[in-house]
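# Inside the fold
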2 protein chains.
Amino acid sequence: MPVHQPSKPRARRPATEARPYHHGDLRRVLIDAALQLAAEGAEVSVREAARRAAVSPGAPFRHFPNRDALMAAAAEEAQRRFRAEIDAALREAPAADPLARFRAFGLAYLRWAMRNPAHFEIISTGRYFAHGSSPDLTRDNAELIALTEQMLVDAAEQGLLRSADLKRIQVAGRALVYGFARMNLDGHFPRWGVGEGEIERMAEGVIDLFIAGIAKP
Amino acid sequence: MPVHQPSKPRARRPATEARPYHHGDLRRVLIDAALQLAAEGAEVSVREAARRAAVSPGAPFRHFPNRDALMAAAAEEAQRRFRAEIDAALREAPAADPLARFRAFGLAYLRWAMRNPAHFEIISTGRYFAHGSSPDLTRDNAELIALTEQMLVDAAEQGLLRSADLKRIQVAGRALVYGFARMNLDGHFPRWGVGEGEIERMAEGVIDLFIAGIAKP
DNA sequence: TCTCTATGTAATCATCGATTACATTTGGCG
DNA sequence: CGCCAAATGTAATCGATGATTACATAGAGA
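Residues numbered from 1 in each chain as written. Chains lettered and ligands numbered in written order. Predicted model: local features only at pLDDT ≥ 70, side-chain atom pairs only at ≥ 80, totals over all residues. Heavy atoms only, no water.

At the junction of the two partners, chain B supplies 35 residues and chain A supplies 35 residues. Carbon and sulfur atoms supply 70% of the area buried between chain B and chain A, which totals about 3500 Å² over both sides. On the chain B side of the interface with chain A, the three residues burying the most area are Arg-191, Trp-192 and Leu-209 of chain B, jointly 20% of the side's total. At the junction of chain B with chain A, the criterion picks out zero salt bridges. In this assembly, chain B and chain A are joined by 13 residue pairs in polar contact (both at pLDDT 80 or more). Secondary structure elements with two or more residues in the side of chain B that touches chain A: α6 (135-157), α7 (166-185) and α8 (199-214) of chain B. Take the side of chain B that touches chain A: its biggest share by element is 14 residues, from α7 of chain B. (Contact = heavy atoms within 4.5 Å. Buried area = accessible area lost by both parts, 1.4 Å probe. Salt bridge = Lys/Arg side-chain N within 4 Å of Asp/Glu carboxyl O. Polar contact = N/O pair within 3.5 Å; in protein donor to acceptor, adjacent residues only side chain to side chain. Helix = DSSP H or I, 4+ residues; strand = E, 2+ residues; numbered from the N terminus.)

Printed below as a string of C-alpha cells:
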C-alpha cells in the first residue's frame, strides 16, 4: 500500500536552510568529489561522493548509469587537466628543436604524474576509458600520440636519430615514462633506493638518458 | 564459560557425503582460487574463493585475517612463479656477457608479464605487498634488484657502457620494462598501433633499443 | 581415552552498487 | 497566468560482499 503521505506540508524553506531540493550542478560536484576522494587515497564510492554532495545515495544514478560511468567522467576531467599541462609545456618549448620538444613533453608528463598520482592512475588504468570511452578521450589520446610521432618524424628528417625505426622509439619512450610514473604510483621507488626528494630529478635524468640513447652521437 | 549446548546430536555422516569437515589444505586452495579468479579477469572476492573451495563464506577468515591478506599470499605465490622463470632464463644466458644477461632478464620479465598479465598486476600493484609485506617477498625483490645492479657493474667494469651513472641506467631500464608490461596490462597497445601478435616482438625490439642506447658504440 | 587447539559452519552486520516508486522543481506551452 | 511533462531528487529496498561472533567438529598428543 502507498505508505506515502504528504505528512510534511513542507514549510516554505527558511533562509537558513541553504540547500534547495534541486542541487544545481550535481553532476559536476560528483565528479569533483570523485577526484578529490581519489586524491585523498580513499576508495571512490558513489555513496561517499553523494555524501559529500549532501545528496541521497540514489541521486548520483540520475546522472551516471553506474559507478564506472562516474569514474569515466572523472577520468575525462583529469585527462583535460593533464592535457592542459602538456600543452602549456609545449608552448614554452623551442618550436624548431624536435628532440627538445620530445624532452619537454616527457618532463611535463612525468611532473604531472608525480604530483597527481591518483588522477594519473584514473586516466591510465584503462578500466575507465578503454572500451566504451568517450570520443573526446579517445581523440585526445590519439592527438597526444600523434604529437610525439610528429616530433620523431621531424627529428629523423633533421638527421638527429641513430635509428630509423620511429615506432619502436616512440613505444619505448612511452613505456619509459609510463613505467616511471607507475613506479611512483605503485610505491616502488623506496625499494629502488630513490628517495622522495630525488624522484623528480631522477625523472629528468631518465628522460635525458633515453634521449641521449636515441640521438645520433 | 562455554555457553555451549549439544542441541543437535548430529547424525553420523553417511558415506555418500564426500567432503570431510576439515578441508585438508584450505589455505593453499584459496590462494590458487584467488590466482585463478584473477587470471580469468574476474574480481577476486573472498566469498567466490570460498565457493570454489566448497567451503563456507567465513572459513577463509580462519586462514587470512582479511581479503588483503589473501591477496598478499596470492601475490607471494605469483612472485615465486615469476622468480622461477627469471632464474631459469638467467641460467641459460651467457655467464660472461653482462649486457646479454641484462637483455635476457628483461626479455624473461616481459614474456612472463605478457603471458600472465593478471598475476603480474597482483605482484606489482604494490597494494598487496608494499607496507606489511612478507619478508620473503621483500627479500626476493631486493635480490632481483641486486641482480640487475651487478650486471651493470660488470658491464661498466668491462667498459661496455657509455655512461657511468649506473643507478640512472638501472632505474630507466626498470621503468622501461615495467611500463611496457603495464601498457599491455592496461590495454594501451591498440591505441599505439601495436597489434596483439606484434607485442612480444615489440618487447624485444624495445629492450634492444635500450641496450643499444646505453652500450658504448 | 580425554582434552586442547585448529578449523569449519551458521547467523548476523554494515557497506556498497543498483533499482523502483514516489516527490518536487523547473521550464515550456496553451 | 496556469498547467503539465520532463528532469531531478528522496526513500525504501535488494543482492553481494567483507567481516565478526557463537558454536560445532576433527585431529593430535598427554
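Listed under "DNA-binding region" (unreviewed entry) in the UniProt record, and renumbered for this structure, are residues 45-64 of chain A. Taken end to end, residues 45-64 of chain A comprises 35% helix and 0% strand; its first and last C-alpha atoms sit 13 Å apart. (UniProt positions renumbered as here; feature names shortened; annotations may be inferred.)

Core analysis: the largest hydrophobic core is formed by 138 residues, its most contacted members being Tyr-109, Leu-110 and Phe-180 of chain A together with Tyr-109, Leu-110 and Phe-180 of chain B. What Tyr-109 of chain B contacts, discounting residues up to four positions off in sequence, is Phe-82, Ile-86, Phe-120, Arg-174, Val-177, Tyr-178 and Ala-181 of chain B. (Core = buried A, V, L, I, M, F, W, Y, C linked by side-chain atoms within 4.5 Å. Buried < 20%, exposed > 50% of the residue type's maximum accessible area, 1.4 Å probe, protein only.)

Here we take up unusual backbone geometry. Even without being glycine, Ala-54 of chain A reaches a positive phi, approximately 55°. Its place among the elements puts Ala-54 of chain A in the loop between α2 (46-52) and α3 (67-92).

As for its placement among the helices and strands, Arg-91 of chain B is situated in helix α3 (residues 67-92). Considering only alpha carbons, one finds Arg-91 of chain B and Ala-104 of chain B, 13 residues apart in sequence, at a separation of 9.8 Å.

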